[in-house]
Amino acid sequence: MSSSSAEGVGQPKASADVTKKQSKVKQLWSKLDLDVGTFLIMMKAALPPTIALAMYESNAVSTQYGTLGYLVAIISILGFCIMPRAKFIQTMTMNIIATCIGAAVALLMIWSSIQARKHTTPAGAPLAGYNSSQSAVCAIWLFFQIYIINSIKAKFPQFAFPTIIYSIFVNVAATYGPEFGTMTQGISFAKRLLEAFLTGFALSSGVSLFVVPTSCRLVVFKEMTGYIGVLRGALQAHKGYMLSLETTDMFSGDVTDSSEDKKGHKPKKPTERPEVAAVKKSIAALTELHGKLHGDLPFAKREVAYGKLGPDQLEEIYKKLRAIMVPTMGLGSSIDIFGRYAEMNHWDTSPESKQQDPETQARRQKAVTEWNEIMKSVHEPFSTIIQVMDDGLEHALLTLELKKAPKKKKNATEDIEAKGDTVKPGDAGFADYLDSQTERFYQGKELALREWCDLKGINLPNDFFEHPSSYKDVVSDDVAEDDGDYNRNSKQLYLLLFMEFLLYSVSRAVLSLVRYADEQVADGKMKKSKLIMPGNRRLKKWLVNIFKVEDSTAEDTTTTGDVDGNKSTIYMGEAYSARKDPEHLPPQTAWEHIGDFIRIFPRFLRSSESAFGFRAACATMSIAIVAYLHDTQVFFIKQRLVWAMIMVAISMTPSAGQSASTFFLRLIGTVLAMVLSFLMWYIPDGKTAGVIVFLFIFVTFGFYVPIKKPKFIIVGLISVVTATMIIGYELEVRKIGKIAASSNGQPYYPIYTLAPYRLATVAGGLFVAFVWTFFPYPISEHSIIRQTLGCALYLSANYYSIVHETVRARIRGDEGDLTTKGSPGKKLEKARLKVFSKQMLVLQSLKTNTAFQKWEVPLGGKFPKKEYDTIIQCVTNIVQYMSLVGYSSHTFTDMNSNHGDPSESEWFEDFRRLISSVNVTSHEITSLLALLSSAITNGQPLPPYLTTPKPYQLSARIRALDRDILSVRHIAEPGYAAFAVMQISTRCIIGDLEKLLKSVKILVGVLDFSFHIVSTNSSPASSSSSTLFKLSKQE
């Protein structure tokens, strides 16, 4: 800027224009969320079709592939070379197997159809021309194969690409099959088709493995780096929120902007406070990234690589990060808790509102003032520990080499005296420094507790926190004039302890990660790279899991979730899908076992997978029937209707319903491809080299959608395939000539005629797929969301039951050794973490899909988005508070193993005895969540008189048993803070269950046969506003 201004004053306008242009480009770049790495991946995706079309210009290649040259380019696109290495190798292996099986079955189909021709052709007549028997045989084979392969596609989402490849192969072979009179022709065709497919796979494999190679390990390392970055951002967001609590009203999460806009209008709705919005945004990002890491980690552990950290280290780092995530997300619950507290006290209106009476306003203002004073007193320790934790995460990044260390200046000399005792991230003794700081924070919590006691009129001796058992006359309950005041005071104390406990827990979890990172350095694992081979057990597990449903995110490029971009794939377990047969007992004899085996076939035929396969087969045959009739067979070949069938194979997916918006988006993508194909052809004036370059540019930008917008991946994929199809055919004709290009029965069309024909063909295929998603009954995105919501409720019930058993085991002290695989605690931990990760994926998928519903054009009544959003938020809250209950209960295990002050041990034993008798958790919640899951999934009304479990009121029940156990003199006990977390969390769970039940009742209704008789003579007390029958006054 200084140099430009120094050059003269004569060109300020030009300089300003350049600056303006640069800023616009930068704005567009940032808006598209592009970086160099992403752009290279987009270019990588464009290489296989570009290479395929370029090499077709060779005489040897064009002679070998003939009229199937452009098919090589299309298959190379569907090879999806941008997948990380382990995923790509697994998918490509299945693609090749599917293609080879397809070729073998195609030969069998051609042979059987030729036999049908021979048996129905008069002796001496030529085996050429239309034959109805041969067409019928090919049609039967086609229907059967499409039905089977799409049933497999629905059953095993990870086979999405192989099943699409198989469908394309069989569609082409089955529609050309009726034209063959001899097996020589059939074998030649099948061979050329197989070679075209395998060549496309070879190009995709070469580009994937050698051009900007991307391993699953690299993806996981980037995700871990991003994970730690998001954790740091979340901590800073919490720091900003806690700082705002020193001056603002924490019971109001919104702020009203009184400023007017340009037109003089005031904003209608209050906006969320920036500090609150920052915390929620960071937690949402953390949840999303956790789901991605959970889905990608298994592939990274199975990969052959050259690096420093092995699969066991990756798994352990993931566990350490997850241990940091749970309390970090729990800290964000303080926003929700303040909101609930305001709602309970009817403070959920703005302080300026006239609806509040003076007494209510006075209580609210008193609570706000007290919290302001408390947060001011903890400002320094809270800010210090958050900064120390941020440095700890930075240390982990540097030590594990997830981030490059800052370069030291060449001539800079370190001033040892100036440095003093300062320890920076990356230094050798940083772990000890972090340990000392966390303990200092733990010991410093007495500042906040003293402040709270002073506010409540409780005078604590100076050495109270060093020897709490020596002061048994400390006033606790007497400071409250009545039970209402006591409850308000205890809630305030519990929330303060809640925040301190979670901050301390985050610091200890960060310390655990830092120590683990230092251990890797001490063990020499970070010194040099080595060849990392997965063990036999891991490889065996990989082979077995290929045929099992694995969890994946919507951005997982091996599953249907990536093909349609609408849904995460979650394996719910056998308990969710398996149902006991009320008509049959388990088989006992050999004959009963044989009969049970026979019943597998009708069970498969009535399954949802079979129903989808039948839909796909009917949709395919709706177009293919044209190829098997005498009057339309030639028309089918000439107009290339096989591509309409291929679009059905690509666009019909079992995990996503259709809607008008998705259909029109796909149609827009096809129109865009047609328009751009004109530009690609005419801008370089039809010159081959220029056309290929422009195709490369288009495909590069076309893959922005699959990479950055997986929700609309099908739009990008169809656009790229359509454009490649148009350009590839024109280049093919130019190379081999019009006569050779027309030898397969397809007449030559110039690009201005071919492109609209391709558009019509592709649009027709998309429309047929759209119709068969609604017929005979619709599979809409709304029904998919409802089914997913049922899954989320089921997982919540599953998770709560595991947390219930975990808490009971820890309180009883029979959790066992967590380092032993067979111990009860280890099994519960594995199950708990597995279900938690699944739930994170489901909730992320639900939030994405419901947010998209506002763009839908409903047919009939509107989609109840408000109720769905409420249910999703309640489930999210319940899972979060369940996690905190399970996390805080770990304190009981730690206290059980630590033998410290005898008085502390005595208090803990008394406390554990009491808390085990009042039942922290309840099986009623598990039953209710399971019932709600079934009601949502099946759309059945709830039973009458269904209520939520009563609030636990742990504090009141424990005080009833022992009034001294929760007195203020015990607030320094480690288990007291853990109890505060459990008390708040369990109360919030019940509150969310009440909202959840109310919303589910609105969606599915209640099976209620009760009625009320209301007479006009009856008093208002006996009348009812909701009646089924009314008796009028008799004259």
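Reading guide: rules and limits
- Residues numbered from 1 in each chain as written.
- Predicted model: local features only at pLDDT ≥ 70, side-chain atom pairs only at ≥ 80, totals over all residues.
- Heavy atoms only, no water.
- Helix = DSSP H or I, 4+ residues; strand = E, 2+ residues; numbered from the N terminus.
- Buried < 20%, exposed > 50% of the residue type's maximum accessible area, 1.4 Å probe, protein only.
- Contact = heavy atoms within 4.5 Å.
- Phe/Tyr/Trp six-rings, centres within 6.5 Å; stacked < 30°, edge-to-face > 60°.
- Axes fitted to C-alpha atoms, helices over the stretch in contact; angles between N-to-C directions.
- Parallel < 35°, antiparallel > 145°, perpendicular 65-115°, else oblique.
- Left-handed = near helix turned anticlockwise from the far one by under 90°.

(A) Focus on the overall build of the protein chain. Summing up its helical and strand segments, the protein chain has 41 helices and six strands in all. Burial statistics for the protein chain: of 1035 residues in total, 51% are counted as buried. In the protein chain, the proportion of contacts linking residues at least 24 apart, taken out of those at least 6 apart, comes to 80%.

(B) Quick look at the packing of aromatic side chains. One pass over the structure, following the stated rule, counts 27 aromatic pairs. Residues Tyr70 and Tyr729 carry aromatic rings whose centres are separated by 6.3 Å and whose planes lie at 90° to one another, so their mutual orientation is edge-to-face. Placement of Tyr70 in helix 5 (residues 69-78) and of Tyr729 in helix 31 (residues 713-736) is noted, with a sequence separation of 659 residues between them. For Tyr70, a relative accessible area of 8% gives the class buried. With a relative accessible area of 1%, Tyr729 lands in the buried category. For the ring pair Phe767 and Phe770, a centre distance of 6.5 Å and an interplane angle of 40° mean the geometry is tilted. One end of the pair is Phe767 and the other is Phe770, both in helix 33 (residues 751-774) and three residues apart, which spans about a single turn. A relative accessible area of 45% places Phe767 in the partly exposed class. Taking relative accessible area as the criterion, Phe770 reaches 16% and is therefore assigned buried. Taken together, Phe251, Phe338, Tyr341 and Trp371 form an aromatic cluster joined through their ring pairs.

(C) Quick look at the packing of helix 8 (residues 160-176) against helix 27 (residues 642-651). With their axes 9 Å apart at the nearest point, helix 8 and helix 27 run at an angle of 160° to one another. Taken together, the axes of helix 8 and helix 27 lie roughly antiparallel to each other. Considering how the two elements wind past one another, helix 8 and helix 27 form a crossing that is right-handed. The residues of helix 27 that touch helix 8, namely those facing Ile164, Ser167, Ile168, Asn171, Val172 and Thr175, are Val642, Met645, Ile646, Ala649 and Ile650.

(D) Structural detail: unusual backbone geometry. With a phi angle near 50°, Phe80 is a residue other than glycine that sits in the positive phi range. Tracing the backbone through its elements, the reader meets Phe80 in the loop between helix 5 and helix 6 (85-120). You will see that Tyr945, though not glycine, has its phi angle at about 60°, which is positive. Structurally, the position occupied by Tyr945 is in the loop between helix 39 (923-938) and helix 40 (954-961). Under the relative-accessibility criterion, Tyr945 is labelled exposed at 68%.

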